[in-house]
Amino acid sequence: MKAVIAITATLMLAGCASNGMSSRPPECAKPASEQELALNLADNMANEGRLYASLANLEGLPDSLVQVRLRKARVLRLMGRSEAAPLYESLLRTCLAADGEHGLGQLAAAKNDNAAATLHLERAVKMAPTDDKMRNDLGVVYLNQRRIPEARFEFMTAMELKQANTLAALNMVTLLIYQDNWKAASELVTRADLSPKQVAEAQARAEKLRASANKVVASEGNRRTEVADASSSAIK
């Protein structure tokens, strides 16, 4: 049964203050019709993996539009370019503040900086609680920290917000395998209609998490021993 249940190893991740209270971010100005077409074209190219072509199209649009900066930041992030961070930061006090926090969280997660990723993604989810992608990415960061109840909550929320969110379902299956809950994992694979390709590396991801957890326990155990030995020597 375990050989059948395997899933992808890759876990795919401001309003201003007034009188001490957080206010809603301003509404985004709607781009002109020709700008909207160019933005849609850039989105399509990025989704097809044509990142350089997407960026070239975006460079013909004004950076004064927050929608342009968001798309540039996403493309640059996928390229691994450092210019993505300041673009995301430029969104933090705009109508796309949640997207700015989300992007900064994704950048931090890519660097395995779980503390910073958690901070940014929790802010993003607070501002946009019904965004299934943000909930999923926060769940991934929680799972990487083995904060299982929190990760489960975010994955379940993402799946219920958008039933077609296959990524959240894949991540939830990983969590279930990590917990050795094969029955629930199998049921979710069937219910979400996950393909054999989609369930190809689930066990590997769960085992990687488990191995990481074991390393942490062993490391902490070694440190405890070292401290105890040092104390004994000092007493002597």
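The present account deals with the structure reproduced in this document. Treat the numbers as computed from the prediction; the structure is a model and nothing was measured.

### Focus on the overall build of the protein chain
Looking only at helices and strands, the protein chain features 11 helices and two strands. In the protein chain, the order of α-helices and β-strands from amino to carboxyl end is β-β-α-α-α-α-α-α-α-α-α-α-α. When each of the 236 residues of the protein chain is scored for burial, the buried share is 42%. On the protein chain, roughly 13400 Å² of surface is accessible, and the fraction owed to carbon and sulfur atoms is 53%.

### A look at the packing of helix H7 (residues 132-144) against helix H8 (residues 148-161)
At a closest axis distance of 8 Å, the pairing of H7 and H8 adopts a crossing angle of 160 degrees. Taken together, the axis directions place H7 and H8 in an arrangement best described as roughly antiparallel. The interaxial crossing formed by H7 with H8 has left-handed handedness. For the pair H7 and H8, contact is made by Asp132, Arg135, Asn136, Leu138, Gly139, Val140, Tyr142 and Leu143 and by Ile148, Glu150, Ala151, Phe153, Glu154, Phe155, Thr157, Ala158 and Leu161, respectively. Here the contact of H7 with H8 is built from residues that sort into 10 nonpolar, three polar and four charged.

### Some thoughts on unusual backbone geometry
Here the phi dihedral of Arg146 falls at roughly 60 degrees; this positive angle occurs in a residue that is not glycine. Checked against the element boundaries, Arg146 lands in the loop between H7 and H8. A relative accessible area of 26% places Arg146 in the partly exposed class. A positive phi angle is found at Asp180, which is not glycine, with a value near 65 degrees. On the basis of relative accessibility, which here comes to 46%, the residue Asp180 falls in the partly exposed class.

### Quick look at the environment of Tyr178
Structurally, Tyr178 is set in helix H9 (residues 166-178). Judged by relative accessible area, Tyr178 falls into the buried class, the value being 17%. Once residues lying within four places of it in the same chain are set aside, the contact partners of Tyr178 are Arg146, Ile148, Ala206, Leu209, Arg210 and Ala213.

### Describing H7
Over its 13 residues, H7 extends 18 Å from the first C-alpha to the last, a length consistent with the 18 Å expected when each residue adds 1.5 Å. Among the 13 residues that make up H7, 11 are buried, leaving the element largely enclosed by the rest of the structure. Taken as a whole, H7 has its buried residues at Asp132, Met134, Arg135, Asn136, Asp137, Leu138, Gly139, Val140, Val141, Tyr142 and Leu143. Positioned one or two residues after H7, Arg146 has a phi angle of 60 degrees, which is positive.

### Some words on helix H2 (residues 51-58)
Every buried residue of H2 is accounted for by Leu51, Ser54, Leu55 and Leu58. Mapping the buried residues of H2 onto a view down its axis gives an arc of 95 degrees, with all of them on the same face. Where H2 is buried, its residues contact helix H1 (33-47) and helix H3 (66-79).

### A short note on the environment of Glu27
On the secondary structure map, Glu27 appears in the loop between strand S2 (21-22) and H1. Given the relative accessible area of 80%, Glu27 is considered exposed. Between the C-alpha atoms of Glu27 and Leu96, which are 69 residues apart in sequence, the distance is 8.7 Å.

So, how was this worked out
Residues numbered from 1 in each chain as written. Predicted model: local features only at pLDDT ≥ 70, side-chain atom pairs only at ≥ 80, totals over all residues. Heavy atoms only, no water. Helix = DSSP H or I, 4+ residues; strand = E, 2+ residues; numbered from the N terminus. Buried < 20%, exposed > 50% of the residue type's maximum accessible area, 1.4 Å probe, protein only. Areas by Shrake-Rupley, 256 points an atom, 1.4 Å probe, with all protein chains shown as cover. Axes fitted to C-alpha atoms, helices over the stretch in contact; angles between N-to-C directions. Parallel < 35°, antiparallel > 145°, perpendicular 65-115°, else oblique. Left-handed = near helix turned anticlockwise from the far one by under 90°. Contact = heavy atoms within 4.5 Å. Nonpolar A, V, L, I, M, F, W, Y, C, P; charged D, E, K, R; others polar. Expected span 1.5 Å × (residues − 1). Arc of directions from axis to C-beta.

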